[in-house]
Every structure is written in structure tokens, then in C-alpha cells.
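Listed below, chain by chain, are the residues.
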Amino acid sequence: MKPRVGGEWKYLFRAIDKQGRLIDFMLPDRRNTRAAYRFLGKALHTMAHWPPHSITTDKLGSYQKAIRRLHREGKLSKHTRHRTSKYLNNIIEADHGGLKRVIRPMRGFQTMRTAYATIKGFEIMRMIRRRHCFLCKPNVEGEIQFVNKLFDIAA
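Note that the structure is a prediction, hence the values are computed from the model and not measured.

About the thresholds
- Residues numbered from 1 in each chain as written.
- Predicted model: local features only at pLDDT ≥ 70, side-chain atom pairs only at ≥ 80, totals over all residues.
- Heavy atoms only, no water.
- Phe/Tyr/Trp six-rings, centres within 6.5 Å; stacked < 30°, edge-to-face > 60°.
- Helix = DSSP H or I, 4+ residues; strand = E, 2+ residues; numbered from the N terminus.
- Buried < 20%, exposed > 50% of the residue type's maximum accessible area, 1.4 Å probe, protein only.
- Lys NZ or Arg CZ within 6 Å of the ring centre and 35° of its normal.
- Core = buried A, V, L, I, M, F, W, Y, C linked by side-chain atoms within 4.5 Å.
- Contact = heavy atoms within 4.5 Å.
- Salt bridge = Lys/Arg side-chain N within 4 Å of Asp/Glu carboxyl O.
- Pairing = 2+ DSSP bridges.

Participant: Help me understand the packing of aromatic side chains in this model?
Facilitator: Each aromatic ring pair is characterised by the separation of its centres together with the angle its planes make. Applying the stated rule across the entire model yields three aromatic pairs. Here Phe-13 and Tyr-63 contribute two aromatic rings whose centre-to-centre distance is 6.0 Å and whose plane-to-plane angle is 70 degrees, an arrangement assigned as edge-to-face. One end of the pair, Phe-13, is in strand β3 (residues 13-16); the other, Tyr-63, is in helix α2 (residues 61-73), with 50 residues separating them in the sequence. Accessibility expressed as a relative area gives 8% for Tyr-63, which makes it buried. Among the aromatic residues, those joined into a ring-pair cluster are Phe-13, Phe-39 and Tyr-63. In this structure, Arg-69 is placed above the aromatic ring of Tyr-37, and the distance from its NZ or CZ to the ring centre is 3.7 Å.

Okay, structure coming up:
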């Protein structure tokens, strides 16, 4: 997915788990090996307590190079498989659709800060709607506390 930020196209990297829960996202300028490495490192740091058994991506070559570098540096287990399968990647592609429907009418963002905050807000609301947030209590007050904690808002 490519949203516009400040009049320029950015790439939206998103990582989700097997159940469709968002792990992390990033908006780099380019879709190259450096960006893939930064994104995968960020996602692995988020999932430090639950390392992945496999990583499924599209067939972009920079993912393969980034994963090899993570293996060499010891940030990713040698037993973690990298799969490039079109039908296995459909989970994340289908998940992009909901986000695209919300972002497309906005016609882009002015700054990276607003883009990041807006996309984070959309993702959090989707997590709450799908009951993917384990940290919030299943009532309105719990959801408000969860959102305040994520956005560092004093209650």
C-alpha cells in the first residue's frame, strides 16, 4: 500500500500475526533492503517474547536479503523459515483493504507525524473492534484506558 505524505508516495510495511493481529507498521520512503531490514528488526523487537517460526512475505528480493542479515547478526533464529507464497500472503493483503478504504478518501497526509498518528489510530480502533487487544478490559472504560496508554495521554 502506498499512501501519500507531504505530496510524496511512501510505502506502508505492516506485520500481522497468524490471527490477523497487528504487530507493527512503518512508512519508509523506499521499498529497499535497508527499509525491509529496519522494519523486520522493529517487528522482531516488538515480538521479542514470542519469536516467529516463519515469516511470510511477497516476492520482493529485499526481504530475503534483510532476513539473511538478521540471521547473520543473530537477531532472528536460524530455524525461522522465510516463505514467499502468494496465497499465504493474502492474509496481509486482505487486511490492507480495510485500511485502504479509510485512508484513500483523505488523499494523503501533510507530515509523517500526522500520517503515523492517524494510521496508528485506525489500527488501534480496528484492534478494539476485532477484540485483538489483550491489554484492555472488555468494557468502554477499559478501551478508553487502553487508547490513553497507547497514545501516552494522561487520564
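Once the structure has been displayed, the description carries forward.
Participant: What exactly am I supposed to notice about the nonpolar core here?
Facilitator: It is characteristic of soluble globular proteins that their nonpolar side chains tend to be buried jointly. Among the nonpolar cores identified, the biggest contains 16 residues, and Phe-13, Phe-39, Leu-40, Leu-70 and Leu-76 are the most heavily contacted of them. Every element with two or more residues in this core is listed here: β3, α1 (33-46) and α2. If you tally residues by element for this core, the top one is α1, at seven residues. Listed in part, the 11 residues of the second largest apolar core include Val-5, Leu-22, Phe-25 and Leu-99.

Participant: When you look at the side chain of Ser-62 in this model, what are you seeing that I'm missing?
Facilitator: Within the secondary structure, Ser-62 sits in helix α2. Relative accessible area serves as the criterion here: at 8%, Ser-62 is assigned to the buried category. Beyond its immediate stretch of four places on either side in the chain, Ser-62 contacts Arg-31, Asn-32, Thr-33 and Ala-36.

Participant: Explain the pattern of salt bridges here, please?
Facilitator: Side chains that carry opposite charge are capable of pairing whenever their charged atoms lie near each other. One pass over the structure, following the stated rule, counts six salt bridges. Here Asp-29 makes a salt bridge to Lys-10, at a shortest N to O gap of 2.2 Å. With Asp-29 in the loop between β4 (22-26) and α1 and Lys-10 in the loop between β2 (8-9) and β3, the pair connects residues that are 19 residues apart, well separated along the chain. Under the relative-accessibility criterion, Asp-29 is labelled partly exposed at 49%. Judged by its relative accessible area of 8%, Lys-10 falls in the buried class. Put simply, Glu-8, Lys-10 and Asp-29 are held in one network by salt bridges that share partners.

Participant: What exactly am I supposed to notice about the pairing of β3 here?
Facilitator: Each regular strand carries side chains that alternate between the two faces of the sheet. Side chains Phe-13 and Ala-15 project from β3 onto one buried face, and the interleaved Arg-14 and Ile-16 project onto a second face that is buried too. Sheet topology note: the β3/β4 ladder contains four bridges and is antiparallel. Considered in β4, the bridge of Ala-15 is made with Asp-24. Linking β3 back to β4 in an antiparallel pair, the connection comprises five residues, with Gly-20 at a positive phi of about 90 degrees.

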